[in-house]
Amino acid sequence: MFNKILIANRGEIACRIINTARAMGVATVAVYSEADRNALHVQMADEAIHIGPAASSESYLVGSNIIQAALDTGAEAIHPGYGFLSENAHFCGQCEAHNLIFIGPPIEAIVAMGSKSAAKKLMADAGVPLVPGYHGDDQSPALIKQAANKMGYPVLLKAAAGGGGKGMRAVHAEAEFDEALDAAKREALNSFNDDIMLVEKYLLHPRHVEIQVFCDSYGNAVYLFERDCSVQRRHQKVIEEAPAPGMPDTLRKQMGEAAIKAAEAINYQGAGTVEFLLDSRGDFFFMEMNTRLQVEHPVTEMISGQDLVEWQLRVACGEPLPCSQEQLQINGHAFEARIYAEDPEHDFLPATGRLKILQPPLESANVRVDTGVTEGDEVSIYYDPMIAKLVVWDIDRDRALQRLTQALSEYRIAGLTTNIGFLYNLATSQAFKDGDVDTGYIDNHQQEIFRQRDADINYAAPLAGAAILTLRRQRALASANHSSEPNSPWHLTNSWGLPETKIGIKLQTKEINLAAEALPDLSNISIVETQSGFDLFTPKGFFHCAETQPDLGLANDKISGGSLRAPMHGTVVTLQVEAGVQVKKGDSLLVMEAMKMEHCIEAPSDGLVTEFYFQPGDLVDGGAELLAFEGSTE
Ligand code: ADP
């Protein structure tokens, strides 16, 4: 085994790798950017080397600095984690040139799978089933469009160099094609410095089912079963599980064997994941192979009882695979929920800020929290806004899901916007409980997940009122107990001795007055006070509410209008309409780019833009007015 390895990554994955290395008696070297000087991974490693400024293009992505750090510290091997340099063939070559072992596949395998189009050609030759599509070299827009027209809509445009859902656009009709191609190419160029596109049939309601494979240098290959990663927003995974719900054994075996065929076709070694789309008839199609450890690998570890990072280290230093296919078994069920600093109510825009309170649920044999941050840390604009991965396990899916919702309701984060409430709503939605998932799940269950239906509001409003009242009474009692004048009117539990006849709350977008005496008892509800109000976890989902002044004549059912302010710091990419021209509600008015993702500002109603305050290329602050909009009066 190695004596010392360097981890060319940051955050939770760096910490996770350090944990296994330590357990195996392998010393670790961390690298860090200026922004990460005090980060958890730096504290955990045996040694740490500074490799540059905050921007990853000047630190975590600079291969030569990382190689130098390994040479200076005497590390024998480099673990790239995921993202950054993990699938970078050039970096892999640099390691080889300096006699450092790259803990990952051979260069040729990275190259073979590096382009989605080239990989598809290779897989077609190996007899692995593919989604019908065009992945040719001729990139003229007219030709790509012609291929799309021939296939029939909907189609999906993908960046050949893509990853993380970037540079991807679904196109539902020929009329939308040109604009979608432009946007996908722009995003691809921006993220990958490469705008080669492929187009394929957009399958409706498929599941994303991927197979974990492992190969060693002796020709052994196994699959560690599947993960279902169908629940996605912006084509990025949010909740993953293993095994896939309702997966028949025969299909599991077929997909496992197809994945091994894919890996063997490129002489694979180490940990890899073969991603498939699975349709409702049980047909599956190769999408791509990720030649690294995946974010969601913990669910596989939980059901297989194996440590995949340990396997990686063993295979990289020339040992055979620790297990044969026959020795591997599925035990129970696991979920992973990705806790992000982001705003689900605003198209999942990444959020930044300081983690003023960070209290994860207690870890146990059933609950695992992989994280790279501690309370007080900053989630900055420089890196991925993932705060943690919450992983749970139990003997079956129902029980594991119960663990997940329980753990989510215990997670306390304050200081920035997170997706915890959103994840809770997803996990408690009926079709998810039934295991009836597909890649359109979030879009197709918007109403249930965002809890804006009248029935949801009517259910939650009295609970919110009761919870606020209870909290207020508890607080008054507590301060009275600590006071030298316990009978002072300041401590009256009904605040100021006024009769508590009404309580005003704002729930989602509605403001409601409730009669205090009619509020229900609280059972099975968890309430957390936040900076902007209260978070309520109920058996029927998560609700955010705030207290308002009652009796101010606030109209019920007041829906806030669409905002034409910038949702975050970013750059204006294009103006989509001309000022003074009539537009329809929902038309795209302006495209902004932030964190390499494009965000569209849409018309809140029929009307017209009277003035744009910014031009393409301008930097705008989050919250800045972007344009003046006049709604139609008829
Ligand atoms: P990336 O590498 O950017 O993550 P993938 O090719 O892995 O992109 O696709 C990401 C997700 O996009 C898939 O999990 C699936 O939900 C969706 N997707 C990809 N290809 C198709 C397709 N042909 N039809 C329907 N959905 C697709």
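Residues numbered from 1 in each chain as written. Predicted model: local features only at pLDDT ≥ 70, side-chain atom pairs only at ≥ 80, totals over all residues. Heavy atoms only, no water.

Novice: Kindly report on the sheet that holds strand 9 (residues 197–201), identifying the contributing residues and their values.
Specialist: Taken together, the 4 strands give an open sheet; going across it, the order is 6-9-7-8, and neighbouring strands pair in antiparallel fashion. Taken across any chain shown, the strands that pair with only one partner, and hence form the sheet edges, are strand 6 (133–134) and strand 8 (169–171). Bridge analysis of strand 6 against strand 9 gives 2 bridges, and the strand direction is antiparallel. Across the sheet, Tyr-134 pairs through a bridge with Val-199, a residue of strand 9. Its contacts with the sheet put helix 7 (residues 141–151) on strand 6, strand 7 (155–159) and strand 9, and the angle it makes with strand 9 is roughly 5°. Against the sheet, helix 8 (residues 177–192) engages strand 7, strand 8 and strand 9, with an angle of about 170° to strand 8. (Pairing = 2+ DSSP bridges. Helix = DSSP H or I, 4+ residues; strand = E, 2+ residues; numbered from the N terminus. Contact = heavy atoms within 4.5 Å. Axes fitted to C-alpha atoms, helices over the stretch in contact; angles between N-to-C directions.)

Novice: Report on the nonpolar core, specifying residues and quantitative values.
Specialist: Ranked by internal contacts, the top residues of the largest apolar core, which has 63 residues, are Ile-5, Val-213, Phe-214, Met-255, Phe-276, Phe-286 and Met-289. With 7 residues, helix 9 (residues 249–265) is the largest single contributor of residues to this core. When residues of this core are sorted by domain, at least three fall in each of domain 1 (4–103) and domain 2 (105–129 + 207–331). Not counting residues within four places of it along the chain, the set of residues in contact with Val-213 comprises Val-222, Tyr-223, Ala-259, Ile-260, Ala-263, Gly-270, Ala-271, Gly-272, Thr-273, Val-274 and Met-289. Counting residues in hydrophobic clusters, the runner-up holds 43 residues, among them Val-231, Val-238, Ile-239 and Ile-420. (Core = buried A, V, L, I, M, F, W, Y, C linked by side-chain atoms within 4.5 Å. Buried < 20%, exposed > 50% of the residue type's maximum accessible area, 1.4 Å probe, protein only. Domains from an automatic or database assignment.)

Novice: Requested: an account of the site of the ligand, with residues and values cited.
Specialist: Taken together, 21 residues surround the ligand, and among them Lys-116, Gly-165, His-208, Gln-232 and Glu-288 come closest. Between the ligand and Lys-116, the relevant distance is 2.5 Å, taken from an oxygen atom to a side-chain nitrogen or oxygen of the residue. Contacts to the ligand include Glu-275, whose side-chain N or O atom sits 2.9 Å from an oxygen atom. Here the ligand loses 96% of its free accessible area of 550 Å² to cover by the protein chains. Of all elements in the fold, only strand 7, strand 9, strand 13 (270–278) and strand 14 (284–290) reach the threshold of two or more residues within the shell around the ligand. Split by residue class, the shell around the ligand holds 7 nonpolar, 8 polar and 6 charged. When residues of the shell around the ligand are assigned to domains, at least three map to each of domain 2 (105–129 + 207–331) and domain 3 (132–201). (Near = heavy atom within 4 Å. Polar contact = N/O pair within 3.5 Å; in protein donor to acceptor, adjacent residues only side chain to side chain. Areas by Shrake-Rupley, 256 points an atom, 1.4 Å probe, with all protein chains shown as cover. Nonpolar A, V, L, I, M, F, W, Y, C, P; charged D, E, K, R; others polar.)

Novice: Can you explain the packing of aromatic side chains? Please cite residues and give values.
Specialist: Counted according to the given criterion, the structure contains 14 aromatic pairs. The interplanar angle of 50° and the centroid separation of 6.1 Å between the aromatic rings of Tyr-382 and Tyr-383 together place this pair among those described as tilted. Both rings, one in Tyr-424 and one in Phe-537, keep their centres 4.9 Å apart while their planes meet at 80°; by these two values the pair is edge-to-face. Within this pair, whereas Tyr-424 is found in helix 13 (residues 420–428), its partner Phe-537 is found in strand 27 (residues 533–538), the two being separated by 113 residues in sequence. Here Tyr-424 matches Phe-537 in class, with each residue buried. Directly above the aromatic system of Tyr-459 lies the positively charged group of Lys-540, at a separation of 4.6 Å from the ring centroid. (Phe/Tyr/Trp six-rings, centres within 6.5 Å; stacked < 30°, edge-to-face > 60°. Lys NZ or Arg CZ within 6 Å of the ring centre and 35° of its normal.)

Novice: Let's hear about the packing of helix 7 against helix 8: which residues, and what values?
Specialist: Two numbers describe how helix 7 lies on helix 8: the axes approach to 11 Å, and their chain directions differ by 120°. As the angle between them shows, helix 7 and helix 8 are arranged oblique. Crossing of helix 7 over helix 8 shows right-handed handedness. Here helix 7 contributes Pro-141, Ile-144, Lys-145 and Ala-148 to the contact with helix 8, which in turn contributes Phe-177, Asp-178 and Leu-181. Classifying every residue of the contact of helix 7 with helix 8 by side-chain character gives 5 nonpolar, no polar and 2 charged. (Parallel < 35°, antiparallel > 145°, perpendicular 65-115°, else oblique. Left-handed = near helix turned anticlockwise from the far one by under 90°.)

Novice: Please give an account of the pairing of strand 26 (residues 526–530) that cites residues and values.
Specialist: Across 5 bridges, the pairing between strand 26 and strand 27 is antiparallel. Bridged to Thr-530 within strand 27 is Gly-533. From the end of strand 26 to the start of strand 27, which pair antiparallel, there are 2 residues.

Novice: Please provide a residue-by-residue account of the sheet that holds strand 35 (residues 627–631), values included.
Specialist: What the 3 strands build is an open sheet, ordered 30-33-35; its pairing is antiparallel. The sheet is open, and its two borders are formed by strand 30 (582–583) and strand 35, each paired with just one other strand. When strand 33 (residues 607–612) meets strand 35, the two strands line up antiparallel, connected through 5 bridges. When the bridges of strand 35 are listed, Phe-612 appears paired with Leu-627.

Novice: Can you explain unusual backbone geometry? Please cite residues and give values.
Specialist: Here Tyr-153 and Pro-154 are connected by a cis peptide whose omega angle stands at 0°. Mapping Pro-154 onto the fold places it in the loop between helix 7 and strand 7. The linkage connecting Ala-242 with the following residue, Pro-243, adopts the cis geometry, with an omega of -5°. Within the secondary structure layout, Pro-243 lies in the loop between strand 12 (236–242) and helix 9. Non-glycine residue Asn-193 carries a positive phi angle of around 60°. The phi torsion at Asn-524 lies on the positive side, around 65°, for a residue other than glycine. The residue Asn-524 is located in the loop between strand 25 (510–515) and strand 26 in this model. Among the residues examined, Asn-524 registers a relative accessible area of 67% and is labelled exposed.

Novice: Which residues make up the side chain of Ser-304, and what values do they have?
Specialist: Inspection of the secondary structure assignment puts Ser-304 in helix 10 (residues 297–304). The class for Ser-304 is buried, based on a relative accessible area of 10%. What Ser-304 contacts, discounting residues up to four positions off in sequence, is Leu-224 and Gln-329.

Don't take any of this as a statement about function, it's just geometry.
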